Every structure is written in structure tokens, then in C-alpha cells.
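# Remarks on the overall topology
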Amino acid sequence: MDNNLKTDNAVSVHNVYKNYGDVQALEDLSLDFPRGELTSLLGPSGCGKTTLLKIIAGLIPANGGEVLVNNAPVDGPGPDRAFVFQDFALMPWDTVLRNVAFGLELRNVPKSEREAIAEKYITDVGLGGFELKYPHQLSGGMRQRVGLARALSVDSDVLLMDEPFSAVDEQTRRKFQEDLLGLVKNENKTFIFVTHSIEEAVYVSDQIALLLPRPSRVSEIIRPTGFRHKDVGSIRRDPEYLDIVDNIWASLRSYVE
Amino acid sequence: MPYTFFTQHRPLILKILSAVLIFGSWEIAGRVPVSFAFPTFFDSMAALWVLTLDGTIFTAYAETLKPLVVGVLISTVIGVTLGVWIGLSTKFEWLISPIFIVMQSAPLAALIPLLIMVYGIGITSKVFVVCIMAMPVIVLNTSGAVRNTSESLIEMGHSFLGTRRDIILKIIVPSASPIIFVGLRLGVSAGFIGAILSELKITPTGVGDIITYSRSIADYPSMYAAIFSIILLAVLFLNVLERMEVVLFRGNNKSLVAE
């Protein structure tokens, strides 16, 4: 009881099981996601991190256990969660504006209202002036900004990001990571972030859940604290940052073929 | 100057060049002649001119276009609907798509006597022939395109709380539409073949009548004029369809496979 009062979790995963046929993907996995923080799910490929994210999103059902979002159990997608896709999942036949407004359109928000909201977020993610472009006219990084603006515009409490920067080039990715830190600070939202990059996870996270594969379980929870409030430019030189990266690699290296 | 003129109008120049080549060899083949039943290009065009002047060709098309338009419309509406349905449900696919695969490969000319026995020699049989020609390719293209909708776009629809109806109408159908249009184009050209075939095999009316009649009196230029006009009409119609597609789905034509 005391514990519950102290920490406010936006999302809690309790004893979740998931299997695909004979393959046990997740086994008895429990994890809490504190409100207003960014938690990364980090692990080698095949460790079930995307599976866990999609279970939280309500896109795939778990075989056992429960997921609570704002203390209510999840049984499908909901307005409290928004998803950012690895492959952007933009509709190529529509403009940036309609793509960003699409989440609101599916919620039956009137056209002028949803376009006003979409325009605000398009400007926020730095795509002002590109409203009437089509996705194929944008670079990979800009496409993911569209995906991000779409997720932000539905104003949900929890943002689920499935390796959002893995399909963009390295420079763009660094810029994205810096922007993400600003987003966590300014948008009072909870972020759940799947990545396979150790440096990326340590750089952006308040909490890192290290997942180990076959079957997946949380092997370690790491909370970087020392450099979180430092300037974005100096994080990568911080001794604590470097130590955490090294330690995670030491835990993971035996699982990499 | 001539160089820039050529690069600017290259597509047009190439089109004219290929027309000159084809019609030129037609003219030469007619003059040789390869067969006494093969008129020259200019004789055929002269015959087409005469047919146009006395209005024969227009009354003929008024007749031919009836089963063609009705058949193509039916095939489009039923074909796209069925195709979407088949694409969405694997059970339905198992039940329905063999019918269309058989329809597509069946020797249609051999089935026509059967159609006449059931539906008579009126417009119904002709519409049927057009549908049998046009529908399978529309259905199969549509269902294939629907089934290949990007999984992550569908997931996106679910995660942003789209209903099943939203996902079908706002994601699956638009994403399948370029391939559906390819099916429509193929279906329409097959429909043209069906319309003429039905006029040759069921009852000679319209353009089929011009072809049959002028052949029977050995007026070969008129016969080829009629055939030429059909091809011309089909090409024009397909061009219109292509323009329509470009206008309707502007973003799609460049990024069908974008990520």
C-alpha cells in the first residue's frame, strides 16, 4: 500500500505470458512504467521487446497476466495510448496534414478542428510548410516526424515507440534523440521506447529494462540518474553514461550470436 | 534549337514515329499485297471516313456500346466488391476464387452456345460475355491487392482506434486502389474483346455487324476500318482511365512500395 502511494505508474505489466504456438515469447514478465518518465525496453533481437510493446498497445493479446494503463486493465487499443511505428506507417496517398490528423479523424473530430491541431503539431516537430507534401516527397527522418506528430496530436497519456529511429540515418537519429529528451521534459507524458541500441537507450531513458531472450524476462532495471539533468551535448562524455553502456554490453554480449 | 525541341517533345515525337512506322508497314503490306483480303492503310481510312460521314459508325457504336458499358459497369461494381471481400476473408477466397480462375482460362467461344441456350440471343447474353471477359481479372487483382495491404498500416488503424469499417474504407481500399485500377484497365480491354466477340458469335449487331457484313461482300477496307475504330476507342478509353487514376490518387503513383 505504502509503495503504491509513493510511485505513480502510468503502465504496469503483471505476470504476462505470451506464446506463439510452442515458442514461449514472454514468460511471467512484470514491469512498471513510472508516469512522466521514459522507459526503454532494451535487449537482443528476438527477446520479445516489440511483442511486449504491442501487448501494452492492445494490438496483440497476452496469454496470461494483465496490463494496467492508468490502473485500468487493457483489452485492446485505447485513447490513453498512441503508437509510433518503426516503418512510420504513413498513408502514401495522403498529405502530411491528413496523415497527422488521421488519429483524430478516426475519433470523429470535426475536420477544421483536427486540422488546426495537426498543424500545431506539424510545426512543433519542425515540419511547418510541409503540410501539403506527400510522404514520398520527404526524407526518412521527416517521415518519422510525421509519425511522431500523429501520435502527439491525439494527446494520449502514454506514447509507445517501436524502434522509431532505426530506419533513419545516424545524424538524424542523434537529432531525434536530443529532441526526444526535450519532449519527455515538456510534454507531460509517459514514454515506452523499444530499441536495440545500448547507447540510445542510456542516452534517452529515465529507466532501462534489460530483457533477455528465450523466454523473455526482465533481467535488470537500470536507472541512470547522474547525467539526466545535464546539457544534452555533454551526456555522451559523462563517466556514468559510459559505465552503464559498458555494463549493459557485458550483460548482453553472451546472448549475441 | 532542333536539339532542345527534340528533348522537350520526345514522348510526342516517339509516339508519332511509332504510329508512322506501324501505319507505314500496314500501307506497304496492303500494297504488296500480302493477301487480296488485306487492304492498304489509306483505303481503310477512306472507308472509315465514308462510314463516319454517312453515320453508320455512330449507329453501330450506339448498339455495341450498350452491352459493353452495362457489362463493364456490372463487372466493376461486382468485381471490386467481391475482390475486396475475397481479399479480407480467406474462407471466402477458397470458395470463390476458383470460379474466377476457371472463368479466366475457359475457352469463351466454346461457352457461347451454352449462354445462348440459357439467355437467348438478346442483350443479356452479350452482357454476360462482356462480364465473363472483364470480371475475373478485376476480381483477382482486387483481392490480391487487398490481401497485400501493409500489415503495419492496418495495425496503425487499429492502434488509433479505427473501426473495421474505417480500416477497410480508409486504409485497405485506398492502398489497394492502384492495383485495382490496373485490374480495371485490363478488365475494360477484355470487355472490349468480349463485346466484339459477342457480336460476331451471337447476333451480328453494331460494329460486329459492319465486320461481318463487309466481309461477306468482300468490302475489306470497311471491315478493317471497323476493326481499327474499335482499337482506337479502346486506347482512348484506357487513356481516360489512366488520367482518372492519376487525378484520384496523386500520392500513390510514386510510392507504391515506399517502406
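Residues numbered from 1 in each chain as written. Chains lettered and ligands numbered in written order. Predicted model: local features only at pLDDT ≥ 70, side-chain atom pairs only at ≥ 80, totals over all residues. Heavy atoms only, no water.

It is worth spelling out the sheet that holds strand 7 (residues 158–162) of chain A at this point. Residues and elements named next belong to chain A. If you trace the six strands from one edge of the open sheet to the other, you get 6-7-8-3-9-10, paired in mixed fashion. Taken across any chain shown, the strands that pair with only one partner, and hence form the sheet edges, are strand 6 (81–84) and strand 10 (217–222). On average, each strand axis in the sheet is tilted by 20 degrees relative to the strand beside it, whichever way the strands run. One ladder, built from five bridges, connects strand 7 with strand 8 (residues 190–195); its direction is parallel. Counterpart to V158 in the pairing with strand 8 is T190. (Pairing = 2+ DSSP bridges. Helix = DSSP H or I, 4+ residues; strand = E, 2+ residues; numbered from the N terminus. Axes fitted to C-alpha atoms, helices over the stretch in contact; angles between N-to-C directions.)

With that settled, the discussion passes to the sheet that holds strand 2 (residues 23–34) of chain A. Residue and element names in this part refer to chain A. One open sheet holds the four strands; their spatial order is 2-1-4-5, and the pairing between them is antiparallel. Only two strands of the sheet have a single neighbouring strand rather than two, namely strand 2 and strand 5 (72–73). Here five bridges tie strand 1 (residues 9–20) to strand 4 (residues 64–69), and the two strands are oriented antiparallel to one another. Note that in strand 4 the partner of V13 across the bridge is V67. Across the face of the sheet, helix 2 (residues 49–57) comes into contact with strand 1, strand 2 and strand 4 while running at roughly 120 degrees to strand 1. (Contact = heavy atoms within 4.5 Å.)

What follows deals with the packing of helix 3 (residues 41–53) of chain B against helix 11 (residues 220–248) of chain B. The packing of two helices is summarised by the inter-axis angle and the distance between the axes. Residue and element names in this part refer to chain B. Running from amino to carboxyl end, helix 3 crosses helix 11 at an angle of 80 degrees, the nearest separation of the two axes being 8 Å. Overall, the two elements helix 3 and helix 11 adopt an arrangement that is roughly perpendicular. Contacts from D43, S44, M45, A47, L48 and L51 of helix 3 reach helix 11 at P221, S222, Y224, A225, F228 and S229. Split into classes, the residues belonging to the contact of helix 3 with helix 11 amount to eight nonpolar, three polar and one charged. (Parallel < 35°, antiparallel > 145°, perpendicular 65-115°, else oblique. Nonpolar A, V, L, I, M, F, W, Y, C, P; charged D, E, K, R; others polar.)

The next thing to look at is the packing of helix 5 (residues 90–105) of chain B against helix 7 (residues 123–147) of chain B. All names here are of chain B. Helix 7 packs onto helix 5 with a crossing angle of 140 degrees between their chain directions and a minimal axis gap of 9 Å. The angle between helix 5 and helix 7 places the two elements in the oblique class. Helix-helix and strand crossings are classified by hand; for helix 5 and helix 7 the assignment is left-handed. Here helix 5 contributes E93, S97, F100, I101, M103 and Q104 to the contact with helix 7, which in turn contributes C131, I132, M135, P136, V137, V139, L140 and R147. For the contact of helix 5 with helix 7, the class distribution of residues is ten nonpolar, two polar and two charged. (Left-handed = near helix turned anticlockwise from the far one by under 90°.)

Below, the discussion takes up the pairing of strand 10 of chain A. Residue and element names in this part refer to chain A. Relative to strand 10, strand 9 (residues 207–212) runs antiparallel, the two sharing five bridges. Pairing of L211 across the sheet is with V218, part of strand 10. The loop that links strand 9 with its antiparallel partner strand 10 comprises four residues; one of these, R214, has a positive phi angle of about 50 degrees.

A low pLDDT means the predicted coordinates there should not be read in detail. The predicted model of chain A has a mean per-residue pLDDT of 87, with 97% of residues at 70 or higher. Counting contacts from residues 1–6 of chain A, a segment whose pLDDT is below 50, to residues more than four positions away or on other chains yields zero contacts. (pLDDT = per-residue confidence, 0-100.)

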